[in-house]
Structure formats: C-alpha cells, structure tokens
Amino acid sequence: MSKFWIVLKYELKEYLTNKGFVALTLVFAIIGLLGPFAPRVFDLSDFTGVQVVEKSEESSEKKEDKDVYLYIDSIGVISEELLNSLMPEDEWKPAASMEEMKTALEEREAEAGFVVVSPTEYEHYMYNKGMMDHVATVFEQAMKISYRANYCAQHGLDLEEVTEMFDVPLTSREEILNKDTSSNYWYCYFLVIIVFMLVVFYGQMIAVAVTNEKSNRAIEVLVTTTTPNSLLFGKVISGAIAGLVQAGAILGAVLISYRINSEVWGGALDMFLKIPGDVLLTFVFFGMGGYLFFAFLFGAMGALVSKTEDVSKSIGGLMMVIMVVYIFSLAQLTNVEGPIIKVLSFLPFSSYSTMFARIAMGTVAAWEIALSVIILIASIFGAGLLGAKIYRMGTLRYGNPISLSTALKDLKKSE
Amino acid sequence: MKLEVKNIHKNFGEKEVLHGVTFSVESGKALGLLGRNGAGKTTTIRILMDVFHANKGEVLMDGKPFVPSKYQIGYLPEERGLYPKRTVIDQMIYLARLRGIKAKQARENARKWLKRLEIPEYENRKLETLSKGNQQKVQLAATLVADPDIVILDEPFSGLDPVNSQILKEVVNELIADGKLVIFSSHQMSYVEEFCENIVIIHQGTVALEGNLRDIKHEYGQNRLILSAIGLTANELAEKLQKEFADLVQIDKIQKDSVVLELLSGHTRKELLNALAASALEVELFGSYTPSLNDIFVARVGEEGEVTDHE
C-alpha cells in the first residue's frame, strides 16, 4: 500500500508541476472567472436584457443605421405605420415599382421586399435566404392585423373587443413538486459534455503515459521495485485527482463568478450555470466513477503497445464505446424516463452520465441509485484488477501491438 | 549469501525458452551471466527478480526459497530506462523510495552515488539534457541508490567512453569487495574476465557451460598450443600443418601471425615438438595457449554464427 502512495505522490507531483498543466488550468480558470464579469464591462443588454453599461456612441450610431425593408401595396391593405410599429428598430418604406425593389435588394440597400397581391396573399423577395428569417412572420402578422381591422370595419365590429375575446389574457401559477426537467436539461447537457471530455482527455493521457514508460524502458526498473497494481492504481488515481483539481478549478471559477454576477446577466445563463449543489455532487461522484472505470482500461490499453504512435490504435475500441455512450446519453436526455436510459444507467460504462442525468432530471428510486453505485464501484475494482493484469502482462512485451483479445487469451492461459 | 538457481523452466505460451537452467552465485564474488542474444539471460534475470514466474524449478537464497522483496536488489537493465523529462535527483529518490528507503536517506544516497560517479552537478537537470554517457551513469546511480545487497548489471559498460568505463570498473570492484552479490551480464568478455570469478553461459535456454573461470580456462587450454613459423603466414602455416601433421593436431584458430592448435587425444606436446623439429619448418613460437573467455564462448555457442557485440 505504501508503494501505491509513493507512486501516486510522484505521478501527482508530475501533473501539478507540469508547466502545461498549470498554465492550462490557470488560463481557463481566469477566463472562467473573468467571463461572467463581461456584462459589467461590455454592453450585452441585447442578450441579457439588463442594461448595466451605457451604450457606447458607436453602438448608438450603429442603431441609427437601420435595416431597410420595402413593400408594394397597390390595393391599400397594409400601412407603413403598422409595419414600423411592429419593427421599431428597422425602417419600412414603400417601393414605387418592382424594378426599384429588385435593384435595392441587389445593391443591398434593402434587406427584403414584399408585394401585397390580395388581402390574404403576398410575395416575398430577398437577395439571400438566411437560416433565421423572422421578417416574413412580422409582415404576415401585419397583414393579419390589417385583415381583421378591415373585416371589423366592414361588419361594424369593435376590433379591440374582438381581439380581446380571441386573445384572452390568462394567468397561471406553476408549482414543481419534483424535478424541473426543462431547466435542468441544459446544465445536464453541459455536464455530460464536461465529463465526456474529462474521460477522453485524461484517459488518453494515462494511456500515453503508460506507453511512454514502456517506450523509454522506465518500466524495466519499475516492475522490479513495485507491483503492477501499485503502479497502475497510483497512476490512474493521481490522474483522477489532477483531473478533479483542473476541472474543479475551471468549473468552480465559472460557477462562483457567475453566481456573483447573476444579476447583471438577468439569468440568461441560469440554464447552464445555475446548477444545484446536489446535482453537482451527483455529477462529481458518478463522473469520477466513470472516469476511474475507463482510466484503468485506458492504462491497460496503453500497456499493449510499445510506441506512442500506436496508442490511438490500441484505445480505438474503448473510444468507440465512450462515443456511443456519449451520443446515446445526449440523445436520451429529453427522455430520462425511457427504457434505454434506464438500462444504460446501470451499466458501468454508461452510468456515469446516464444515472447522473436521471437523478438530475427524472424520478429515480433510492434502490436504483444504490444498485447503480454498487455496480459502478465493483466494476471500477474489476477494471482496476483486470487492467493491472493486462498491464503486467503487456508492459514487458515489446514489438508489435498486442490486441486485447490476444491479451485476454494469454491471461486466461497463464491462469 | 548464496543464491542458487535450480532447474528453472520457463514457457511463453507453447514455447519453452528456458529448459532447466541451474547455477549459483555467492556474496563477494561476481558471476558472469553470458549468452548470445535471445539465449534466455534476461528471462532468467526477470525470474530472479520475480517479474516472471518460472514454470518449474526454484530459486534459493542460503537454501531457502528466495523472496526478492526481502532483499535490496539493484537492477541495471540492458534496455536503459528512466524518465527523460524529470530531474535526476527526483527520479533517483522515487526509485529509492519504491525500494523502501526513507525520503531523507533516499536523498542522501542519491547524492552519494551521483558524487561517486562524478556527476553531482547534474542532480537538478532533466535526464534528457545529459549526454548518453552521463545518462548511463545516472542509470547506474539509480541502480545503486538503495545500497543493494544484490546487484544485477546487464551490459553496464555499453555507451561509456574509456574514462567513464574506468570509473564504472572501480565501482564494480568496490561492490564486489564490499561483499555484494553481483551478477554481471555482458557481451564484452574482457570486462567479464576482469570481474567475474565464475561464469555461466546460457545457450538456447540451457546452461552450456558453468563454473570457475580459471578452471574453465585451464581445462579449455590444456591441449591447446600456439605456433608460428619464420617465413610463413598464419594461413600458410595452418595449411602446412593440416597436410603434414593431421594425425597429431587439428587447427583450432588462425590468428594474425600465429595458429592455435589442439593436440589430438593420445598425443603429447613432446611428440609434436619432435615432429616439428624433424620437419623443414623454422619454428618461431611454440607454447601453451591460454584461451580468452571470448574463445571459450565462441567455441561453446558460436557454431551457428558470429557473436554480436553490443557496444
């Protein structure tokens, strides 16, 4: 056990004194810390809805430079006033002819053009069609309002009364007795991506570190001084601690800084960053569990090759499993009560993201959590012991990469 | 301490690579563990170190099963390996700590060995920034950092210049004089001859020769003679001997200016001397031949090709 601590301490020191590791952690933590202060420095009121900083002159000038929209209404259905009232930031102008409208569009003097054909029909002209085009919706709304107004006028009806009757304002009160899936969704999404990145990033680092020890032959001496279990467990757990420190520093900086600045954001990022403490704890527990499970396997895979350039080949299968789990987890986030995510939440290679999502967003019985935890912990030890056996068998075998199936066959034979 | 390896067998899958290797080594005496590449030396060492388990046979220390973890063992592998990007002192302390030495003592030992090997100024340098020779010395210092009772050196002189080789020779001699149990594996026979009282030659997984080096040399040289003649090259002399004295001797080795002969059994030196005197040969040199370890090694395991020297 004491040798495990020596390995752990040495490997951890290597992470924490590595300039790249420290610089990366500091840079991202500082960005994470300063980022949420942005609305205090820059005018982000368009996004946050909160005016903290006075609009700069440049910004005001920019606003004066309005987008122009043209329309032709030869039958007198629509009014310029109505259009401008619906889009006060922009400018609606009538065009004299189709030629004038098309020329303005081609020369980019107008953003779009509309031709009223009848009270219920119009044509829409544009130079390029974008992904998000809301102008047609506004124009349609204006035409509908005009149509209703004309109808009411022709039939002696009071437009306001009719509108009020059809658009009756409702009041409601919402009380959530268990989970708010809609608001939990985005930070679950965010955290699933984070844990996936950690598993892949640190898993690969561990695999490369093991292969490096093999390729620089340090392993020749190490295996004569301590057990493969101490070496692999020390390496993996030090990586886990380093990962926790790094992710904790960066995520902690973002969350704390956002909490300080949440008012100036007007809650715009609450869906990502206002994560309840119990969800964070669940994330840390299951995230670390999943990380450890895969890290042992990454370590074993690293021992099966002798050159770092072969590492990607060796860990390909493992990466595939992680990718499939990742895609399924994200796809199933909108259906946390479904059968697929329920099954995945008990499997050790997927529970780290799916059980966490179920706990955060759905209804999970205590026995389900307990069972998933037991399976995950047992699997971590299983992966650790199997990983250490493969590690021991693979570390002193140089030359061509050893396939996992060959390694398992050889292990079976040796037993 | 007396370490005995008895009838060790080792299989990798279906293939048996050691077929009953037996030898012994005592404290204060170095054993030369020799063999061609792939003969089974490293596998034998790994079994000694408990990295591999033998399929059959046993390793004993003073008559009892050998448990490596109970002894301080310093192992210098042929395939050198330390962490290139870490400092010399850090990794020496790490290896000493893994061998059970307390942190403070580990630092003291590391400094002592770096000083002894004349590289104390490199303790805070990253290994990769040192020359190959100095890296080799750091590796040796790391081998000795726990002040081991058993020292296993696999090709320790590889990559060293003559000055560093001299320092290393002195260190190895000190280890032997200090009563350490030293196993020395090398293809550089001159070093083995210099340090080792006993040798074991492993060939294709079996012991081809084992025993006291002086006795082996004596036995091997008993019927061997060296001969040169005025006016004849070594090749011409060998040709003449094969034609005219084939009933008495056979050619063992043709050297630059002389020929090494082996007396055929039942014949004496006197008979050969008389026969030479009666011939037209003008003998320049006639005497006993003391074989080198290289001669013995090549004679025992070199039939299937040349020995590859690892330099």
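So, about the overall build of chain B. Helix and strand counts for chain B come out as 10 helices and 14 strands. Of all 311 residues assigned to chain B, the portion counted as buried reaches 51%. For chain B, long-range pairs separated by at least 24 residues make up 68% of all intrachain contacts whose partners lie at least 6 apart in sequence. Carbon together with sulfur atoms contributes 47% to the accessible area of chain B, which is approximately 14,500 Å² in total. Charged side chains of chain B number 39 positive and 45 negative; the gap between the two group centres comes to 9 Å.

A count of helical and extended segments in chain A gives 20 helices and 4 strands. In terms of overall dimensions, chain A is more spread out than a globule: its C-alpha atoms have a radius of gyration of 31 Å, far above the 22 Å expected for 415 residues. Judged by the C-alpha coordinates and their principal axes, chain A covers about 95 × 50 × 40 Å. Long-range pairs, those at least 24 residues apart, make up 70% of the contacts in chain A with a sequence separation of at least 6. Within the structure as shown, chain A displays about 22,500 Å² of accessible surface, and the carbon and sulfur contribution to it stands at 62%. Within chain A, the 46 negative side-chain charges are centred at a point lying 23 Å from the centre of the 32 positive side-chain charges.

The next point concerns the nonpolar core. Formed by 174 residues in total, the largest nonpolar core has its most connected members in Leu222(A), Leu3(B), Tyr94(B), Ile152(B) and Ile199(B). Filtering out sequence-adjacent residues up to four positions away, Ile199(B) remains in contact with Leu31(B), Gly32(B), Leu34(B), Val192(B), Leu209(B), Glu210(B), Gly211(B), Leu213(B), Ile216(B) and Leu293(B). The next biggest cluster of nonpolar side chains, apart from the first, holds 17 residues, and it includes Leu83(A), Trp92(A), Ala112(A) and Ala142(A).

With that out of the way, let us pick up the interface of chain B and chain A. Contacts between the two partners involve 23 residues from chain B, matched on the other side by 22 residues from chain A. For the pairing of chain B and chain A, the buried interface totals around 2,200 Å² over both sides, and the portion due to carbon and sulfur atoms is 58%. The largest contributions to the chain B side of the interface with chain A come from Arg86(B), Tyr94(B) and Leu98(B), which together make up 29% of the buried area. At the junction of chain B and chain A, the tally comes to 3 salt bridges. Summed over the shared surface of chain B and chain A, the result is 4 residue pairs in polar contact (both at pLDDT 80 or more). Top element by residues in the side of chain B that touches chain A is helix α2 (residues 88-98) of chain B. It accounts for 6 residues.

Residues and elements named next belong to chain A. On the surface, a nonpolar cluster with roughly 710 Å² of combined accessible area is contributed by Val-22, Leu-26, Ile-30, Leu-33, Leu-34, Phe-37, Ile-256 and Ile-260. Sorting the residues of the nonpolar patch by element identifies α2 (19-34) and α12 (228-265) as the ones contributing at least two each. Broken down by element, the residue count for the nonpolar patch peaks at 5 residues, all from α2. Mapping Val-22 onto the fold places it in helix α2. For Val-22, a relative accessible area of 30% puts it in the partly exposed group.

All names here are of chain B. Scanning the model with the defined rule gives 21 salt bridges over all chains in all. Where Arg-116 meets Glu-174, a salt bridge forms, and the shortest distance between an N and an O atom there is 2.6 Å. Taken together, the positions of Arg-116 in helix α3 (residues 103-116) and Glu-174 in helix α5 (residues 162-177) put the pair 58 residues apart, joining distant regions of the chain. Here Glu-174 falls in the partly exposed class, since its relative accessible area comes to 33%.

Turning our attention to the domain arrangement of chain A. We note that the domain assignment places domain 1 (8-35 + 179-414) and domain 2 (67-163) within chain A. Taking only C-alpha atoms, the centre of domain 1 of chain A and the centre of domain 2 of chain A are 55 Å apart.

Moving on, we get to the packing of aromatic side chains. Considering all chains together, one arrives at 32 aromatic pairs over all chains under this definition. Aromatic pair Tyr258(A) and Trp265(A): ring centres 6.3 Å apart, planes at 50°, arrangement tilted. With relative accessibility at 8%, the residue Trp265(A) sits in the buried group. Here Phe66(B) and Tyr71(B) contribute two aromatic rings whose centre-to-centre distance is 5.4 Å and whose plane-to-plane angle is 40°, an arrangement assigned as tilted. Residue classification places Phe66(B) among the buried positions, given a relative accessible area of 11%. Look at Tyr71(B) and you get partly exposed, because its relative accessible area is 25%. These aromatic residues form a ring-pair network of at least three members: Tyr69(A), Trp92(A), Phe114(A), Tyr122(A) and Phe139(A). The positively charged end of Arg86(B) is found above the aromatic ring belonging to Tyr83(B), 4.2 Å away from the centroid. The positively charged end of Arg224(B) is found above the aromatic ring belonging to Tyr220(B), 3.8 Å away from the centroid.

Turning next to the sheet that holds strand β1 (residues 2-12) of chain B. Residues and elements named next belong to chain B. One open sheet holds the 4 strands; their spatial order is β2-β1-β4-β5, and the pairing between them is antiparallel. Both outer strands of the open sheet, β2 (15-26) and β5 (64-65), are each paired with one neighbouring strand and no more. Where strand β4 (residues 56-61) meets β5, 2 bridges bridge the pair, whose relative direction is antiparallel. Looking at β5, one finds that Met-61 is bridged to Lys-64. Against the sheet, helix α1 (residues 41-48) engages β1, β2 and β4, with an angle of about 115° to β1.

As a further point, take the domain arrangement of chain B. All names here are of chain B. Splitting chain B by domain gives domain 1 (2-213) and domain 2 (222-299). With centres defined by C-alpha atoms, the gap from domain 1 to domain 2 works out at 40 Å. Carbon and sulfur atoms supply 87% of the area that domain 1 and domain 2 bury against each other, a total of about 610 Å² over both sides. Three residues stand out in domain 1 for area buried against domain 2, namely Met-189, Glu-193 and Ile-201, and they jointly supply 60% of the buried area on that side. Where domain 1 meets domain 2, there are 0 salt bridges. Those elements that provide at least two residues to the side of domain 1 that touches domain 2 are β3 (30-35), α6 (189-195) and β9 (196-203). In terms of residues, the side of domain 1 that touches domain 2 owes the most to one element, α6, which gives 3 residues.

A word on the sheet that holds strand β12 (residues 249-254) of chain B. Residue and element names in this part refer to chain B. As summarised here, the arrangement of the 4 strands in space is β12-β13-β11-β14, forming an open sheet in which the pairing is antiparallel. Among the strands making up the open sheet, the edge pair consists of β12 and β14 (283-288). Going across the sheet, the axis of each strand differs from the next one's by a mean of 30°, ignoring polarity. Pairing of β12 with strand β13 (residues 259-263) involves 5 bridges; the strand directions are antiparallel. The partner of Lys-253 across the bridge, within β13, is Val-260. In the packing of helix α8 (residues 234-244) onto the sheet, contacts are made with β11 (224-229), β12 and β13, and the angle to β12 comes to roughly 165°. Contacts from helix α9 (residues 269-278) reach β11, β12, β13 and β14 within the one sheet, and its direction differs from that of β14 by about 175°.

All right, on to the pairing of strand β1 (residues 68-72) of chain A then. All names here are of chain A. Taken across its 5 residues, β1 has 5 buried, putting it largely inside the fold. Of the strand pairs in this sheet, β1 and strand β2 (residues 91-94) are connected by 4 bridges, and their pairing is parallel. Bridge pairing in β2 links Tyr-69 to Trp-92.

All names here are of chain B. Predicted confidence across chain B gives a mean pLDDT of 89, with 97% of residues reaching 70 or more. When the elements of chain B are averaged for pLDDT, helix α10 (residues 293-301) gives the smallest value, 86, and α3 the largest, 95. Confidence drops under a pLDDT of 50 for residues 304-311, and excluding neighbours within four residues, the segment shows 18 contacts in the predicted structure. Here the complex is predicted with pTM 0.75, and the ipTM for its interfaces comes to 0.76.

The rules behind these values
Residues numbered from 1 in each chain as written. Chains lettered and ligands numbered in written order. Predicted model: local features only at pLDDT ≥ 70, side-chain atom pairs only at ≥ 80, totals over all residues. Heavy atoms only, no water. Helix = DSSP H or I, 4+ residues; strand = E, 2+ residues; numbered from the N terminus. Buried < 20%, exposed > 50% of the residue type's maximum accessible area, 1.4 Å probe, protein only. Contact = heavy atoms within 4.5 Å. Areas by Shrake-Rupley, 256 points an atom, 1.4 Å probe, with all protein chains shown as cover. Lys, Arg positive; Asp, Glu negative; His and termini not counted. Charge placed at Lys NZ, Arg CZ, Asp CG, Glu CD. Rg over C-alpha atoms; globule rule 2.2 N^0.38 Å. Core = buried A, V, L, I, M, F, W, Y, C linked by side-chain atoms within 4.5 Å. Buried area = accessible area lost by both parts, 1.4 Å probe. Salt bridge = Lys/Arg side-chain N within 4 Å of Asp/Glu carboxyl O. Polar contact = N/O pair within 3.5 Å; in protein donor to acceptor, adjacent residues only side chain to side chain. Patch = residues over 30% accessible without salt bridge, like charges linked within 9 Å, V, L, I, M, F, W, Y side chains within 5 Å. Domains from an automatic or database assignment. Phe/Tyr/Trp six-rings, centres within 6.5 Å; stacked < 30°, edge-to-face > 60°. Lys NZ or Arg CZ within 6 Å of the ring centre and 35° of its normal. Pairing = 2+ DSSP bridges. Axes fitted to C-alpha atoms, helices over the stretch in contact; angles between N-to-C directions. pLDDT = per-residue confidence, 0-100.

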